[in-house]
Amino acid sequence: MSAIEYPECLRELIDSEIFGEAVSLALLDVAKTDRDRYHFATLLQLETETKARLRPLLYKYGVPLSEEAPMEIIEGIVEGYLAGSWEEFAAANIDVVQGFLSRFREIAEAGPAEDSEILHSMIRHELAILRWFEMESRGETEGSLDAIIEELQYPLPA
């Protein structure tokens, strides 16, 4: 969907969380290190909590709550993670996250004021993931997950 048709475009938001959750689960299953496992589990927690937060908004507008994830794309992401370094994996995901961020900003602009809080929470969500990937791609590991953890209601134990 390229044009903004509100509230139909809300489906894109939940689809992104379903996708992120499926990717995180797949990566968690093949994590190379305990650190990677913690990072993927933290990302999984973010995607799950965000998906749950979105459901009332979608339900309000009659947008379907069904879940399907494109497994062929997820398999390619897992292969990319396994084939390269952590920094390469993080760098490869920056453009993807920037694409989601751009779209979420468009959706937030299209939405009514009454939905502003949840729509802008999606921008914060994506900015937190972008910060994580950018820092990790540069080898800046200290505090790279902080913005993601700040978005969580139920953070994982370190």
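A few points on the structure. (Residues numbered from 1 in each chain as written. Predicted model: local features only at pLDDT ≥ 70, side-chain atom pairs only at ≥ 80, totals over all residues. Heavy atoms only, no water.)

## Observations concerning unusual backbone geometry
The omega torsion across Tyr6 and Pro7 is 15°, close enough to zero to call that bond cis. Following the sequence through the fold, Pro7 ends up in the segment before α1 (10-30). (Helix = DSSP H or I, 4+ residues; strand = E, 2+ residues; numbered from the N terminus.)

## Thoughts on the pattern of salt bridges
Throughout the structure, instances matching the rule amount to 12 salt bridges. Glu140 is the partner of Arg138 in a salt bridge, and the nearest nitrogen-oxygen pair spans 3.0 Å. A relative accessible area of 52% places Arg138 in the exposed class. (Salt bridge = Lys/Arg side-chain N within 4 Å of Asp/Glu carboxyl O. Buried < 20%, exposed > 50% of the residue type's maximum accessible area, 1.4 Å probe, protein only.)

## A short note on the environment of Leu101
Along the chain, Leu101 turns up in helix α4 (residues 86-110). We classify Leu101 as buried; its relative accessible area is 5%. When the C-alpha atoms of Leu101 and Ile123 are compared, they prove to be 6.1 Å apart, with 22 residues separating the residues in sequence. Every residue in contact with Leu101, bar those within four places of it in the chain, is listed here: Ile123, Glu126, Leu127 and Leu130. (Contact = heavy atoms within 4.5 Å.)

## Section: α1
Under the 1.5 Å per step criterion, the end-to-end length of α1 is 31 Å for 21 residues, consistent within 8% with the ideal 30 Å. Where burial is concerned, most of α1 is hidden: 16 out of the 21 residues are buried. (Expected span 1.5 Å × (residues − 1).)

## Concerning the packing of α4 against helix α5 (residues 116-137)
Between two packed helices, both the angle of their axes relative to each other and the distance between the axes serve to describe the pair. As a packed pair, α4 and α5 sit with axes 8 Å apart at the nearest point and diverge in direction by 160°. As far as their axial angle goes, α5 and α4 are roughly antiparallel. The element α4 and its partner α5 pack so that their crossing is left-handed. For the contact of α4 with α5, a count of residues per class yields 19 nonpolar, four polar and five charged. (Axes fitted to C-alpha atoms, helices over the stretch in contact; angles between N-to-C directions. Parallel < 35°, antiparallel > 145°, perpendicular 65-115°, else oblique. Left-handed = near helix turned anticlockwise from the far one by under 90°. Nonpolar A, V, L, I, M, F, W, Y, C, P; charged D, E, K, R; others polar.)

## Focus on the side chain of Gln45
Positionally, Gln45 belongs in helix α2 (residues 34-61). Setting aside chain neighbours within four positions, we find Gln45 in contact with Leu152, Tyr154 and Leu156.

## Things to note about the packing of aromatic side chains
Counted under the stated rule, the structure contains 11 aromatic pairs. With centroids separated by 5.4 Å and ring planes inclined at 55°, the aromatic side chains of Phe40 and Trp86 adopt a geometry described as tilted. Remark: Trp86 occurs in helix α4 and Phe40 occurs in helix α2; sequence separation between them is 46 residues. For Phe40, a relative accessible area of 0% translates into the label buried. With a relative accessible area of 11%, Trp86 lands in the buried category. (Phe/Tyr/Trp six-rings, centres within 6.5 Å; stacked < 30°, edge-to-face > 60°.)

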